[in-house]
Amino acid sequence: MTTVKKMLFILSKATLENVYAAFVMANGARMEGIESEIFFTFFGLEAVQKKKLEHLHIATVGNPAMHMPTMLGGLPGVEALATKMMKKEMEKLDLPPVGEFLEILSDSGCRLWACKLAVDMFHLEKEDLVDEIEDVITIGQFYDRANTDNTHIVFV
């Protein structure tokens with residue numbers, strides 16, 4: 001039987017549901033003694049931008065899990081209401097806010113990377129990102145990190 005040794009997550013969207021999915025899975029891997037890393041690319045970078053990480057929302061438009069017509073999801077206030085409701089439910093489960101969760105992940109040994117292409121494309125600097133980001137790396141460098149036995153990549 002093969003044992004999973006490393007989990008690599010690629011986060012490309014900074015909606016609350018995507019961010020927490022990646023964070024919970026990466027944290028769960030660490031709790032099981034499995035190495036874990038998260039590569040933040042494209043809009044996923046918002047989850048690690050100092051100015052944006054505490055202002056993430058639920059995607060209400062075009063999200064089939066919302067069980068509402070797309071037009072309704074786009075009405076003013078619907079996204080804010082859905083986000084408020086989701087945050088309230090997460091608080092009940094003692095899920096930490098995004099910034100605190102990043103600290104927990106980093107402290108547990110989860111390695112956090114920003115995508116160089118996306119950082120350049122959005123005219124960001126490493127200083128715009130949370131301190132827990134270890135470095136800004138290329139996708140090739142990230143794939144090199146996957147070049148070990150029993151490593152899995154999950155795109156969130």
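A short tour of the structure in this document, coming up. (Residues numbered from 1 in each chain as written. Predicted model: local features only at pLDDT ≥ 70, side-chain atom pairs only at ≥ 80, totals over all residues. Heavy atoms only, no water.)

A separate point is the nonpolar core. Among the nonpolar cores identified, the biggest contains 44 residues, and F23, I38, F40 and V98 are the most heavily contacted of them. Broken down by secondary-structure element, the contributors of at least two residues to this core are strand 1 (6-11), helix 1 (16-31), strand 2 (35-40), helix 3 (78-92), helix 4 (98-108), strand 3 (111-115) and helix 5 (116-121). Those residues in contact with V98, other than ones at most four positions away along the chain, are L16, V19, Y20, F23, A47, L53, E54 and L56. (Core = buried A, V, L, I, M, F, W, Y, C linked by side-chain atoms within 4.5 Å. Buried < 20%, exposed > 50% of the residue type's maximum accessible area, 1.4 Å probe, protein only. Helix = DSSP H or I, 4+ residues; strand = E, 2+ residues; numbered from the N terminus. Contact = heavy atoms within 4.5 Å.)

A separate point is the environment of F23. Mapped onto the fold, F23 is located in helix 1. With 75 residues separating them in the primary sequence, F23 and V98 have C-alpha atoms 8.9 Å apart. With near-sequence residues (within four places) excluded, F23 lies in contact with I38, F40, V98, F101, L102 and L105.

The next point concerns the side chain of Q49. Within the secondary structure, Q49 sits in the loop between strand 2 and helix 2 (70-73). Residues within four places of Q49 in sequence aside, it is in contact with L124, D128 and L129.

Turning our eyes to something else, we now look at the sheet that holds strand 4 (residues 135-137). One open sheet holds the 5 strands; their spatial order is 4-3-2-1-5, and the pairing between them is parallel. Each having just a single partner strand, strand 4 and strand 5 (151-155) make up the two edges of the open sheet. Strand-to-strand twist of the sheet, defined as the mean angle between neighbouring strand axes without regard to direction, takes the value 25 degrees. Here strand 3 pairs with strand 4 via 3 bridges, running parallel. Bridge pairing in strand 4 places A114 opposite V136. In the packing of helix 1 onto the sheet, contacts are made with strand 1, strand 2 and strand 5, and the angle to strand 2 comes to roughly 160 degrees. (Pairing = 2+ DSSP bridges. Axes fitted to C-alpha atoms, helices over the stretch in contact; angles between N-to-C directions.)

Let us look at the packing of helix 1 against helix 4. With their axes 10 Å apart at the nearest point, helix 1 and helix 4 run at an angle of 25 degrees to one another. Between helix 1 and helix 4, the angle is such that the two are roughly parallel. Here helix 1 and helix 4 pass one another in a crossing that is left-handed. Only V98, F101, L102, I104, L105 and S108 of helix 4 make contact with helix 1, whose side of the interface consists of L16, V19, Y20, F23, V24, A26, N27 and R30. Classifying every residue of the contact of helix 1 with helix 4 gives 11 nonpolar, 2 polar and 1 charged. (Parallel < 35°, antiparallel > 145°, perpendicular 65-115°, else oblique. Left-handed = near helix turned anticlockwise from the far one by under 90°. Nonpolar A, V, L, I, M, F, W, Y, C, P; charged D, E, K, R; others polar.)

On the surface, a nonpolar cluster with roughly 470 Å² of combined accessible area is contributed by F42, F43, L117, M121 and F122. The residue M121 is located in helix 5 in this model. Residue M121 is classed as partly exposed on the basis of its relative accessible area, which comes to 40%. (Patch = residues over 30% accessible without salt bridge, like charges linked within 9 Å, V, L, I, M, F, W, Y side chains within 5 Å. Areas by Shrake-Rupley, 256 points an atom, 1.4 Å probe, with all protein chains shown as cover. Salt bridge = Lys/Arg side-chain N within 4 Å of Asp/Glu carboxyl O.)

Further remarks concern the packing of aromatic side chains. Considering all chains together, one arrives at 7 aromatic pairs under this definition. Consider the rings of F39 and F142, whose centres lie 4.6 Å apart with planes at 25 degrees: the pair is stacked. Here F39, found in strand 2, pairs with F142, found in helix 6 (residues 139-145); they are 103 residues apart in sequence, far enough to count as distant. Here a set of aromatic residues connected by ring pairs shows up, and it is made of Y20, F23, F40 and F101. (Phe/Tyr/Trp six-rings, centres within 6.5 Å; stacked < 30°, edge-to-face > 60°.)

Here we come to the pairing of strand 2. Counting buried residues along strand 2, 5 of its 6 residues qualify, which places the element largely inside the surrounding structure. Two elements, strand 1 and strand 2, share 6 bridges in a ladder whose sense is parallel. Note on strand 2: the bridge partner recorded for I10 is F39. Taken together, strand 1, helix 1 and strand 2 constitute a β-α-β crossover, and its handedness is right-handed. Summarising the sheet, strand 2 and strand 3 pair through 4 bridges and their orientation is parallel. By the bridge assignment for strand 3, F40 is matched with A114. (Right-handed = clockwise from strand over helix to strand, strands pointing away.)

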